[in-house]
Amino acid sequence: MSLLRDAHGFVEAGSCGDLSGELAALADRVAAVKAELTGAAGRVPWGGSAAEAFHAHAAVRYETLAGLVHDLSDAAAAVKSMQCVVSEFAA
Amino acid sequence: MNGSSCGGYEVDDAALTGLSESWAKGGAEISAVAQTAAAVLAKVRGAADGGGSTAQFAATDTIAALARAGQSALALAGALAQDAQGLAQCARAYREAEACVKQRIDATGGGAGSNQGSAPRGGQRPNTSAPRAQAPSEPAGTEQVQDWINQAFAILEANGVPADQLDEAGVLLIIEHESSGNPDAENDWDSNWQAGHASKGLMQCIDTTFDEFQLPGHGDIFNPVDNIIAGVRYAISRYGSISNVPGVRAVADGGEYVGY
């Protein structure tokens, strides 16, 4: 029972706080950066080979940013799931 | 090379600088995300350690997911910061090249419509074998590009091209706009590429143009000197001199570069 009390305290006593929400907010922040960079690149009147190379390069960055949004959302879900599991286990 | 060989080009330096600043800001933002993710990870680890074995077990997946997100964010922040530096360097290179060609053309009384050319290159005779860029897919510095141009000019003069048709600043301007000084640049997007003729190398020549204007012993399109030799011979054949290339003339007149 002591272990369960410790685990319950881990999720209930605020040691984790609203980490899931915090991570979800981070995911939103990264999505906003992605939108900002995509918009900034689209607004520049830049053509030619160097510009094309940059846009191709930027497309990879957009994908990586989208991947980071996904990773942070996964982490938020993992925190939530962890809190549920421990709560149910301790209840 | 416009139409036959290279794509058109236009850029607003201020906008390019703005893009670099946006990219730097994005990098800083992602760096802050990485720091917050690391703090969250530390918090979960600390709580798990203090929560006994059940908490530690339950936190395993969370810790792995957080570590993955933090590492991705950190790597991305560094990459964006590097991109921003590259963009800023690119904007600087455009400004320098344009200022240089304007100065050279003004100094020699050339200008729009002039076939006199700007001052020919100096008389140095550099090495005949040009090295490939040390870092493929990376732009070379202006000094390195100038060195390649001088090597190419020496070979061109030795093959009968009059010095007054050669213009280092004009070629530098073309290179900065066409490939940003990257000898390994290969266009995989424009109309030439769609037609099955990718523009390649420093001066963005397509294979058929390169084959037509290369000199014997200089047949590697990605070799910077070989590429300049073919690109310059093509430009002189079509426009009479480097200073008469439309993009060079446009910049000399205070306008924007256009592809050749």
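Position labels on residues start from 1 in each chain and follow its written sequence. For naming, the first written chain is A and the first written ligand is 1, with later ones following in the order written. At least 70 in pLDDT is required for a residue's local features to be given in this predicted model, at least 80 for side-chain atom pairs to be given and counted, and no such filter applies to totals for whole chains, interfaces and linings, which use all residues.

**Notes on the overall build of chain A**
Here is step 1 of the chain: A count of helices and strands for chain A gives three helices and zero strands.
Here is step 2 of the chain: Along chain A, from the amino end to the carboxyl end, the secondary structure elements read α-α-α.
Here is step 3 of the chain: Field definition: a residue is buried when 20 or more other C-beta atoms are found within 10 Å of its C-beta, exposed when 12 or fewer are, and partly exposed for counts in between, with C-beta atoms placed from the backbone. The buried share of chain A, taken over its 91 residues, is 40%.
Here is step 4 of the chain: The contact criterion used is a C-beta to C-beta distance within 7 Å, with each C-beta placed from the backbone. Long-range contacts, defined here as pairs at least 24 residues apart, represent 93% of the contacts in chain A between residues at least 6 apart. Going along the chain from the N terminus, every DSSP run of H or I of four or more residues is numbered as a helix, and every run of E of two or more is numbered as a strand.

**Notes on the overall build of chain B**
Here is step 1 of the chain: When helices and strands are counted, chain B shows eight helices and zero strands.
Here is step 2 of the chain: Within the span of chain B, comprising 260 residues, buried residues form 50% of the whole.
Here is step 3 of the chain: For chain B, contacts bridging at least 24 residues in sequence account for 69% of all contacts bridging at least 6.

**Some details on the confidence of the model for chain B**
Residues and elements named next belong to chain B.
Here is step 1 of the chain: The predictor reports its confidence for every residue as pLDDT, a score running from 0 up to 100. Residue-level pLDDT values for chain B average 77, and 75% of them are 70 or greater.
Here is step 2 of the chain: Across residues 1-9, where pLDDT falls below 50, the model places 40 contacts with residues more than four positions away in sequence or in other chains.
Here is step 3 of the chain: Taken together, the stretch residues 110-136 has pLDDT below 50 and engages in 62 contacts with residues farther than four places along the chain or on a different chain.
Here is step 4 of the chain: Of the two predicted TM-score estimates for the complex, the pTM is 0.54 and the ipTM is 0.83.

**Quick look at the packing of helix 3 (residues 142-158) of chain B against helix 7 (residues 224-239) of chain B**
Residue and element names in this part refer to chain B.
Here is step 1 of the chain: Throughout, an axis means a line fitted to C-alpha atoms (over the contacting stretch in the case of helices), and angles, computed between N-to-C directions, take values from 0 to 180 degrees. For the pair helix 3 and helix 7, the least separation of the axes is 8 Å and the interaxial angle reads 55°. Accordingly, the angle class assigned to the pair helix 3 and helix 7 is oblique. In this structure, helix 3 meets helix 7 at a crossing whose hand is right-handed. Contacts between helix 3 and helix 7 involve Trp148, Ile149, Gln151, Ala152, Ile155 and Leu156 from the former and Pro224, Val225, Ile228, Ile229 and Val232 from the latter.
Here is step 2 of the chain: Residue classes in the contact of helix 3 with helix 7 are distributed as 10 nonpolar, one polar and no charged. If an angle is under 35 degrees, it is roughly parallel; if it is over 145, roughly antiparallel; if it lies from 65 to 115, roughly perpendicular; otherwise it is oblique. Left-handed describes a crossing whose near helix is turned anticlockwise from the far helix by less than a right angle; the clockwise case is right-handed. Ten residues, namely Ala, Val, Leu, Ile, Met, Phe, Trp, Tyr, Cys and Pro, are considered nonpolar, four, namely Asp, Glu, Lys and Arg, are considered charged, and the remaining ones, Gly among them, are considered polar.

**Things to note about the environment of Val251(B)**
Here is step 1 of the chain: Relative to the elements of secondary structure, Val251(B) occurs in helix 8 (residues 246-252).
Here is step 2 of the chain: For the pair Val251(B) and Leu173(B), spaced 78 residues apart in sequence, the C-alpha separation works out to 9.0 Å.

**Here we look at helix 2 (residues 19-43) of chain A**
Here is step 1 of the chain: A helix is expected to span 1.5 Å for every residue after the first. For helix 2 of chain A, spanning 25 residues, the distance from its first C-alpha to its last is 36 Å, which sits close to the expected 36 Å at 1.5 Å a residue.
Here is step 2 of the chain: Turning to helix 2 of chain A, its buried residues are Leu19(A), Ser20(A), Leu23(A), Leu26(A), Ala27(A), Val30(A), Val33(A), Lys34(A), Leu37(A) and Ala41(A).

**Topic: the nonpolar core**
Here is step 1 of the chain: Residues Leu23(A), Val30(A), Leu72(A), Ala75(A), Ile30(B), Ala37(B) and Ala73(B) are the most contacted members of the largest nonpolar core, which totals 51 residues.
Here is step 2 of the chain: Counting residues per element, the ones that place at least two in this core are helix 2 and helix 3 (49-90) of chain A together with helix 1 (13-50) and helix 2 (52-107) of chain B.
Here is step 3 of the chain: When residues in this core are grouped by element, the largest group, 15 residues, is from helix 2 of chain B.
Here is step 4 of the chain: Other than its neighbours up to four places away in sequence, Leu23(A) contacts Leu72(A), Ala75(A), Ala76(A), Val79(A) and Val40(B).
Here is step 5 of the chain: The nonpolar core is taken to be a set of buried Ala, Val, Leu, Ile, Met, Phe, Trp, Tyr and Cys residues joined by way of C-beta atoms within 7 Å. Core analysis: the next-biggest nonpolar cluster, separate from the first, contains 36 residues, Leu173(B), Phe210(B), Val232(B) and Tyr257(B) among them.

**Some remarks on unusual backbone geometry**
All names here are of chain B.
Here is step 1 of the chain: Not every positive phi belongs to a glycine, and Ser180 is a case in point at roughly 55°.
Here is step 2 of the chain: Take Ser180: it is sitting in the loop between helix 4 (168-179) and helix 5 (191-194).
Here is step 3 of the chain: Positive phi outside glycine occurs at Gln204, with the angle close to 55°.
Here is step 4 of the chain: With respect to the secondary-structure elements, Gln204 resides in the loop between helix 5 and helix 6 (207-213).

**Here we look at the confidence of the model for chain A**
Here is step 1 of the chain: Counting all residues, the mean pLDDT for chain A is 80, and 71% of those residues have values of 70 or more.
Here is step 2 of the chain: Of all the helices and strands in chain A, helix 1 (residues 2-12) of chain A carries the lowest mean pLDDT, 52, while helix 2 of chain A carries the highest, 93.

**Details of the packing of helix 3 of chain B against helix 4 of chain B**
Residues and elements named next belong to chain B.
Here is step 1 of the chain: Between helix 3 and helix 4, the least distance of the axes is 10 Å, while the angle of their chain directions is 125°. Taken as axis vectors, helix 3 and helix 4 run oblique relative to one another. Once helix 3 is placed against helix 4, the crossing between them reads as right-handed. Within the contact between the two elements, helix 3 uses Val145, Gln146 and Ile149 and helix 4 uses Glu168, Val171, Leu172 and Ile175.
Here is step 2 of the chain: When the residues that make up the contact of helix 3 with helix 4 are grouped by side-chain class, the tally is five nonpolar, one polar and one charged.

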